[in-house]
Amino acid sequence: MQKYFPLLKKVTLFENIQEHELPHMLRCLHARTAQYKKGQLPLVAGDAVPCVGIILCGQAHVMREDMDGNRMIITELHECDLFGETFACIEAQHSPVTVAAVTDMQVMWIDYRRVITACSSACGFHARLIGNMLRLLARKNLKLNNRLEILSKRSVRERLLAYLELQAEHTGKRTFTIPFDRNKLADYLCADRSAVWREMNRLKQENILAFEKNRFTLL
C-alpha cells in the first residue's frame with residue numbers, strides 16, 4: 001500500500017491526513033485494491049454498495065440505463081475520484097448506476113462504514129475523514145446541479161452549448177478537450193447521436209464553434 005501514499009494525499013477524502021497516519025488508517029478502513037480491464041464493470045446497477053471505490057489510475061464512466069436499454073452517461077471519473085459514496089452513505093440496498101472502465105484501471109476499495117463510525121481504537125483521523133466526506137458530497141452535488149442545468153435546456157443545440165460553456169468556464173480557456181467522443185457526448189447530453197453531430201456542424205458553419213475530434217474552441 002505504501003506505493004500509493006503520494007497519490008492518496010491528493011484524494012479529497014484524505015485531505016489533512018498525515019502520511020504517517022496512512023498505514024493505520026488504511027488498515028482501519030479495510031482497504032484493498034483491484035485491477036479492471038477496459039470495458040469491465042467495477043460496479044453494476046443492482047449491486048449492493050458496502051464499499052467506496054477510489055480510482056488509483058485510469059478512467060471510468062458512471063452510467064444509467066432505462067427500461068428500453070437507452071444509456072445515459074451521468075459523469076466521468078478520473079484518477080483520485082471516488083464513486084459509490086453517495087449510495088453507501090444512504091445505505092442503498094442496490095446501486096442505481098453502473099461504473100464502466102473506459103481504460104484499464106486500478107481501484108482501492110474501502111469500507112464506508114469504517115469512515116463514518118469511530119472505531120474502538122479512537123483513531124484521531126476519523127473526525128477529519130467525516131469532514132472531508134461532507135465536502136466531497138457537497139462538491140458532487142454542485143457537479144450534478146451543473147448537469148441538471150444542461151439537461152434542462154429544451155433543444156440539443158442549447159444543451160450542447162451549455163455543456164461546452166461550462167467546460168470553458170471550468171478550464172478558464174476558450175479552447176479545451178472534453179473527456180467524451182461524439183457517441184458518448186450524445187449519451188451525456190441524452191440526445192440522438194445524429195442530432196448532436198448536426199448541431200455541431202451547424203455551429204461550426206455559423207463560426208460559433210470550432211472542433212477537431214474531442215478538442216473544441218468557442219469562437
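Residues numbered from 1 in each chain as written. Predicted model: local features only at pLDDT ≥ 70, side-chain atom pairs only at ≥ 80, totals over all residues. Heavy atoms only, no water.

Across the protein, pLDDT averages 86, with 94% of residues at or above 70. Mean pLDDT across the elements of the protein bottoms out in helix α4 (residues 112-116) (74) and peaks in strand β1 (residues 32-36) (95). (pLDDT = per-residue confidence, 0-100. Helix = DSSP H or I, 4+ residues; strand = E, 2+ residues; numbered from the N terminus.)

Here 4 strands make up an open sheet; going across it, the order is β1-β7-β2-β5 and the pairing antiparallel. The open sheet terminates on both sides in strands that have one partner only, identified here as β1 and β5 (82-83). Bridge count for β1 against strand β7 (residues 105-111) is 5 bridges, and the pairing is antiparallel. Looking at β7, one finds that Tyr-36 is bridged to Met-105. (Pairing = 2+ DSSP bridges.)

Spatial ordering of the open sheet is given by β8-β10-β9, a layout of 3 strands whose pairing is antiparallel. Of all the strands in the sheet, the pair left with one neighbour each is β8 (175-177) and β9 (209-212). Each strand of the sheet is rotated relative to its neighbour by a mean of 20 degrees, with strand direction disregarded. Sheet topology note: the β9/strand β10 (residues 215-218) ladder contains 4 bridges and is antiparallel. When the sheet's bridge partners are listed, Glu-212 is paired in β10 with Arg-215. (Axes fitted to C-alpha atoms, helices over the stretch in contact; angles between N-to-C directions.)

Turning our attention to the packing of aromatic side chains. Under the defined criterion, the tally for this structure stands at 6 aromatic pairs. Through successive ring pairs, a cluster of aromatic residues spans Tyr-163, Phe-180 and Tyr-188. Over the aromatic face of Tyr-188 sits the side chain of Arg-147, whose NZ or CZ is 4.3 Å from the ring centroid. Its end group placed over the ring of Phe-211, Lys-204 keeps NZ or CZ at 4.9 Å from the ring centre. (Phe/Tyr/Trp six-rings, centres within 6.5 Å; stacked < 30°, edge-to-face > 60°. Lys NZ or Arg CZ within 6 Å of the ring centre and 35° of its normal.)

With that settled, consider helix α8 (residues 193-205). Each turn of an α-helix holds 3.6 residues, which means side chains three or four residues apart point in the same direction. The end-to-end C-alpha separation of α8 is 19 Å, in line with the 18 Å expected for 13 residues at 1.5 Å each. Burial in α8 covers these residues: Ala-195, Val-196, Glu-199, Met-200 and Leu-203. Seen from one end, α8 has its buried residues packed into an arc of 140 degrees, which puts them on one side. Of the surrounding elements, those touching the buried residues of α8 are α6 (156-171), α7 (182-189), β9 and β10. Following α8 by one or two positions, Asn-207 adopts a phi angle in the positive range, close to 60 degrees. (Expected span 1.5 Å × (residues − 1). Buried < 20%, exposed > 50% of the residue type's maximum accessible area, 1.4 Å probe, protein only. Arc of directions from axis to C-beta. Contact = heavy atoms within 4.5 Å.)

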